[in-house]
Structure formats: C-alpha cells, structure tokens
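Residue-level listing of the chains:
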Amino acid sequence: MNAFLKWPVYTLAGTGSPTMAAALQDFQRAESDRLNEVKGHLEIALLEKHFLQEELRKLREETNVDLLRQELEKERGKRIDLEQRMSEVLRTRLEDSPPQPPRKQQSPTNTRTDKPQREEWSSRFQRWWYDRFGVYMEDFRFQPEETTVEAEEPLSAKRLTENMRRLKRGARPVTNFMRNLSALSNWHSVYTSGIAFIIYMNAAWHGWAMPMFLFLAILRLSLNYLIARGWRIQWSIVPEVSESVDPPKEDLTVSEKFQLVLDVAQKAQNLFGKMSDVLEKIKNLFMWVQPESTQKLYVVLWVAFITSCLLPYKLMGFMMGLYAGIKFFIIDFIFKSCPKLRDKYDTPRIIWNSLPTDPQLKERTNATVSRRVQPVVSRGSIATIPCGVARDEEAGRSHSTKKGAFHEIFNLAELERPLAVCENGWRCCLINRDRKMPTDYIRNGVLYVTENYLCFESSSSRSSSSKKNKVIKLVDITDIQKYKVLSVLPGSGMGISIATPATQKPLVFGAMIHRDEAFEAIFTQYMKIMTTAKPPGNPEL
C-alpha cells in the first residue's frame with residue numbers, strides 16, 4: 001500500500017506538479033496516522049480477548065464440571081445398589097419369619113393377654129398424637145443453623161445491563177412518589193396543592209393526621225388492585241415522561257461488549273458514589289467530625305427529650321403535625337422560590353451541605369499539610385524565578401486538565417506540572433497485570449510526565465476521587481523499556497513497560513500512538529533524575 005501511495009508522487013513530481021505531490025504526501029501522513037490509531041484499538045481488543053480467554057480457562061479448571069458429573073453418577077449407582085440390597089434383605093426376613101398363631105386361640109384365663117393389648121392401645125395413641133400434633137412438635141425442635149453459601153454468578157455484560165435496568169424499573173415508583181411530593185410542595189398545581197393543604201391542616205388540627213395517612217395507604221393499595229385487574233387509572237400531579245428503551249442487541253462485538261461493561265460500570269460507580277456520600281455524611285454528623293453541626297443536633301435532641309417528658313403526647317403530636325404542614329407547604333415553597341433566603345435561613349440544608357465526606361476530609365488534611373510545607377518551598381524557589389517575571393504570571397502557569405487543576409487531581413505539590421513536550425498528555429491505556437478483573441487491569445486515560453513523577457489520569461475517574469489515577473515516582477522506577485503487547489501485530493509495538501518495586505509485574509502503557517516520542521521524553525527525564533539523585537563520587541569517575 002505504501003508503494004502504491006508513493007508511485008503517484010514520483011510520477012507527478014517528474015511531470016511538474018509539486019502541489020499535487022505535496023497534497024498526496026499529506027494524505028499519506030493522515031492515512032498512516034489513521035492506521036496507527038486503528039492498530040492501537042485492535043491491540044486493545046486482542047489484549048482483552050486474550051485476558052478473557054485466560055479467565056475462562058481458569059474458571060473451567062476451577063469448576064471441573066465433568067469430574068463433578070462423574071462423582072454424581074457414582075453416588076447415584078451406589079444408592080440404587082443399596083436400595084436393591086435393602087429390598088432383598090426385607091424379603092428374606094419376611095420369608096424366614098414363622099407364622100404367628102391367631103390371638104383368638106389364646107385362653108381367656110391367661111393374665112398376660114392384657115399386656116399386648118395395652119401396648120397396642122398405647123402405640124395407637126402415640127400414632128394418633130404424632131399424626132395430629134407431630135408437625136407442630138417438629139417446628140420446636142432445636143437444630144443448628146445451616147450456613148448456605150450462594151454461588152456467585154460470573155461477570156457478564158448482558159447480566160450487568162439487565163440488573164441495572166431492573167434496578168431502574170424497581171426504583172421508578174419511589175421516584176414518581178418523590179416527584180409528586182415535590183410537585184405538591186412547589187405548588188405545581190395550585191388547586192391540588194391548596195386542597196391538600198386544607199385537608200392536611202384540618203386533619204392535624206383535629207388530631208387525625210395518622211388516620212389520614214393510613215387511609216391514603218389503603219386508597220393507594222385499592223387503586224393498585226384495580227390497576228392489576230385491568231383498569232386504566234393514571235393519576236399524577238406531574239405528567240410522567242416515557243423514556244425510550246433501546247432493544248438489547250443479540251450479537252455484539254468484543255469492543256461493543258467492553259464499552260457496554262464500561263458504561264454500566266460507570267453508572268453503578270456514580271450511584272454507589274452518591275450513596276456513599278449520604279452514608280459518610282450521616283456518619284460524620286454523629287461522630288463529631290464537624291463539631292458545630294453536631295452541636296446543633298445535640299441541642300435539638302435535648303430540647304425534644306425535655307419537651308417529651310413535660311408535654312402530653314397528644315399536644316406534641318398536634319404541634320409536630322402543624323409544623324410539618326407549614327414547613328412542607330409554605331416554608332419550603334418560599335425557600336425554593338427565593339434561593340438567597342434558602343442559603344441564609346434554611347438551617348437543615350446548610351448543615352447537610354456543610355457536612356464533609358471522607359474524600360473531602362482527606363483533601364482538607366492534604367491541604368493543611370501543603371500549607372505548612374509551602375513557606376519552606378517558597379523561600380527556596382525565590383532565586384529560581386527570573387527578574388522579569390511577575391508573581392501573578394508565575395502563579396498563572398499552573399497546568400490544569402479537563403477535570404481540574406493538575407496538582408489537585410494527583411495530590412501533588414503546586415510546582416509539579418507536565419513538561420512542555422506533553423502538556424496535553426499522551427492517550428493510552430494502562431494495563432495492570434496484577435489485577436484479575438477485566439475492568440481493573442485495562443484503563444483508558446492520559447499519561448503525563450513531570451520533573452519528578454509519571455502521572456496517569458484515568459478517563460473514568462472523577463475530580464473528587466483519585467483512586468483510579470496512577471502516580472509513579474521516577475526515582476522508584478527500576479526498569480523502563482519499549483514493549484510490544486501482542487506479537488501478532490506488525491511493527492515494534494505501541495507500549496512502554498514500567499517496572500517498580502510496588503508491582504509484581506511491570507505496568508504497561510499500551511495503544512500509544514506517539515510511543516517513541518513519549519519513551520524518549522520519559523527516559524530522558526528519568527536519566528536526569530537518576531543522575532541528580534546519585535551522591536557525588538570521585539571526579540575521576
């Protein structure tokens with residue numbers, strides 16, 4: 001193909017058309033870049049197929065289905081043999097046992113005849129008692145608790161997608177209920193909200209708030225029964241929006257399956273992140289992590305406790321019902337309509353937003369440590385700043401990515417920034433062969449190199465969480481070399497292998513289009529750091 005592309009260039013150059021030859025050369029360069037990009041994607045797909053085949057082989061070796069089937073057949077044959085032997089033994093015993101004489105021939109004067117009759121009556125009574133009450137007696141028999149281990153299903157893209165859809169369908173009634181409550185509070189329909197406000201305040205005034213809620217629950221169950229019987233009843237304050245559901249594809253390619261797993265995993269990650277934020281805020285509220293917020297809750301609980309001891313429960317229920325109605329229908333509406341008032345006087349919302357999560361606490365501690373170290377660093381770096389550069393210009397040079405400041409994403413010092421050769425980074429995929437799951441050992445992202453670190457920013461990580469990002473000190477690198485991930489592809493490969501003491505197998509940054517440029521930059525900076533880090537020796541050396 002390269003020879004075919006080069007032929008017109010020489011021909012046209014000989015005929016006196018340099019413009020057309022330059023255009024063809026540019027086209028040839030663009031085609032080579034496209035081929036390199038396709039080559040990188042093919043390398044990722046083949047690598048994923050290789051790892052999945054290894055996992056499938058390991059699973060087959062661990063399960064040993066054929067061996068279990070053979071053992072089951074052996075046990076089944078043993079059971080059939082035991083049943084045949086038991087039937088033969090019972091048959092021989094019946095044939096060998098002598099016939100018992102009839103009881104009618106026994107003399108009536110024998111006093112021993114009463115004993116068998118009593119035993120017969122007692123056995124009949126026991127059988128009757130067991131048939132009548134034996135089932136209930138078995139329920140009260142003490143038995144050790146059986147621990148059953150549920151078999152875990154293997155990772156499947158189709159199963160993962162179906163579970164996410166099931167979760168969405170199961171949560172739809174709850175989300176619709178919350179939307180209707182929000183519409184009532186926002187007075188989306190003035191007539192509906194007004195009628196609901198009058199009915200609720202009247203019920204709370206007369207002490208009928210609890211019966212009203214129970215009646216609404218009974219009404220909702222009755223409507224659900226009619227809907228299940230085929231009635232078309234649709235009542236909602238906010239009109240429901242039907243979401244289009246794409247039909248699942250049957251035949252997916254390897255890249256489509258991998259992308260599907262990544263999309264579903266990203267949704268699950270975001271959902272788990274929100275749930276973790278809520279749970280961590282509640283934990284930090286009760287653990288006095290932020291004392292000013294927990295102190296307010298502490299005072300409110302003491303006031304509620306003293307009030308419950310002094311006031312009767314009927315009066316307390318009346319006061320709580322009135323406050324809940326006014327808060328839900330009037331105060332929340334005013335706060336939502338006037339955001340400035342809400343930011344100043346909505347105390348529960350202010351407290352909840354001010355509560356930190358665990359990653360935010362970690363960032364605060366890192367910020368305090370960096371502030372303590374910053375004066376020492378600033379004194380030592382004054383001499384390195386040129387005289388013609390102002391302080392505001394030097395501060396404005398801090399590099400930032402799409403997700404935030406560079407040093408905040410990787411938890412580095414502010415002076416650490418990418419070198420000029422990789423300001424935008426190199427697109428690649430991190431292959432961590434120490435991990436077992438496919439979603440862990442392959443990560444797409446961008447690779448940067450600074451004066452002291454090699455930083456990998458994962459495309460699936462968030463700005464507030466740096467667990468998927470990778471930071472490697474250049475001093476800790478024990479070996480760096482060019483690497484070819486798959487030997488079936490032509491060329492010298494598109495990867496760089498980095499070995500560190502922290503990993504058993506070297507980390508591989510593969511599918512890198514500008515591999516040679518990245519390797520030269522990383523290796524040059526690595527040698528520079530290693531030469532400056534070595535202690536000074538004899539001048540002869």
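## Some points on the packing of helix 6 (residues 172-185) against helix 11 (residues 313-337)
- With their axes 8 Å apart at the nearest point, helix 6 and helix 11 run at an angle of 85 degrees to one another. On the basis of their axis angle, the class for helix 6 and helix 11 is roughly perpendicular. Residues Leu181, Ser182, Leu184 and Ser185 of helix 6 form the contact with helix 11, whose participating residues are Phe328, Phe329, Asp332, Phe333 and Lys336.
- In the contact of helix 6 with helix 11, the residues fall into five nonpolar, two polar and two charged.

## A word on unusual backbone geometry
- A positive phi angle, near 60 degrees, is found at Trp288, a position not held by glycine.
- By the secondary structure assignment, Trp288 is in the loop between helix 9 (254-286) and helix 10 (291-310).
- With a phi angle near 55 degrees, Ala511 is a residue other than glycine that sits in the positive phi range.
- Along the chain, Ala511 turns up in the loop between strand 9 (507-510) and helix 18 (515-533).
- With a relative accessible area of 13%, Ala511 lands in the buried category.

## Some points on the nonpolar core
- Core analysis: the biggest nonpolar cluster contains 23 residues, and Trp426, Leu447, Leu454 and Phe509 have the highest contact counts within it.
- Contributions of two or more residues to this core are made by strand 3 (426-431), strand 4 (442-449), strand 5 (453-458), strand 8 (495-499), strand 9 and helix 18.
- With six residues, the top contributor of residues to this core is helix 18.
- Sequence-distant contacts of Leu447, defined by excluding residues within four places in its chain, comprise Gly425, Trp426, Cys428, Leu454, Cys455, Phe456, Phe509, Met512 and Ile522.
- Judged by nonpolar contacts, the second largest core, of nine residues, contains Leu47, Cys429, Val485 and Val508.

## What to know about the packing of helix 7 (residues 190-205) against helix 8 (residues 209-228)
- One way to put it is that helix 7 packs onto helix 8 with a least axis distance of 7 Å and a crossing angle of 130 degrees. Between helix 7 and helix 8, the angle falls in the class oblique. Across the interface between the two elements, Ile199, Tyr200 and Ala203 of helix 7 pack against Ala209, Met212 and Phe213 of helix 8.
- Residue composition of the contact of helix 7 with helix 8, by class: six nonpolar, no polar and no charged.

## Thoughts on a nonpolar patch on the surface
- Together, Phe125, Trp128, Trp129, Phe133, Val135, Tyr136 and Met137 make up a nonpolar patch on the protein surface, roughly 780 Å² of accessible area in all.
- Relative to the assigned elements, Met137 resides in helix 4 (residues 114-139).

## Some remarks on the environment of Asn452
- For Asn452, the location among the structural elements is in the loop between strand 4 and strand 5.
- Of note is the side chain of Asn452, whose polar atom sits 2.7 Å from the side chain of Glu416.

Reading the values: the criteria
- Per-chain numbering applies: the sequence of each chain, read as written, is numbered from 1 onward.
- Note on the predicted model: pLDDT of at least 70 is required for a residue's local features to be given, and 80 or more for side-chain atom pairs to be given and counted; whole-chain, interface and lining totals, by contrast, use all residues.
- Working from all heavy atoms in the structure, the side-chain values ignore hydrogens and water.
- With axes taken as lines fitted to C-alpha atoms, and helix axes fitted only over the stretch in contact, angles between N-to-C directions fall between 0 and 180 degrees.
- Here a strand is any run of E in DSSP of at least two residues, a helix any run of H or I of at least four, and the numbering for each starts at the N terminus.
- Under this scheme an angle from 65 to 115 degrees is roughly perpendicular, one under 35 degrees roughly parallel, and one over 145 degrees roughly antiparallel; angles in between are oblique.
- A contact between two residues is defined here by any heavy atoms of the two lying within 4.5 Å.
- Each residue gets one of three labels, nonpolar for Ala, Val, Leu, Ile, Met, Phe, Trp, Tyr, Cys and Pro, charged for Asp, Glu, Lys and Arg, and polar for the others, Gly among them.
- Between buried and exposed lies partly exposed: a residue is buried under 20% and exposed over 50% of the maximum accessible area for its type, with that area taken using a 1.4 Å probe on protein chains only.
- To form a nonpolar core, buried Ala, Val, Leu, Ile, Met, Phe, Trp, Tyr and Cys residues must be joined to one another through side-chain atoms within 4.5 Å.
- Excluding any residue in a salt bridge, patches collect residues exceeding 30% relative accessible area, merging like charges within 9 Å and nonpolar Val, Leu, Ile, Met, Phe, Trp and Tyr side chains within 5 Å.
- Surface accessibility follows the Shrake-Rupley procedure with a 1.4 Å probe radius. Residue values consider only the protein chains on display as shielding.
- Every case where a carboxyl oxygen of Asp or Glu lies within 4 Å of a side-chain nitrogen of Lys or Arg is listed as a salt bridge.
- Counted as a polar contact is a pair of N or O atoms within 3.5 Å, where, for protein atoms, one must be capable of donating a hydrogen and the other of accepting one, and residues adjacent in sequence contribute only when both atoms are in side chains.

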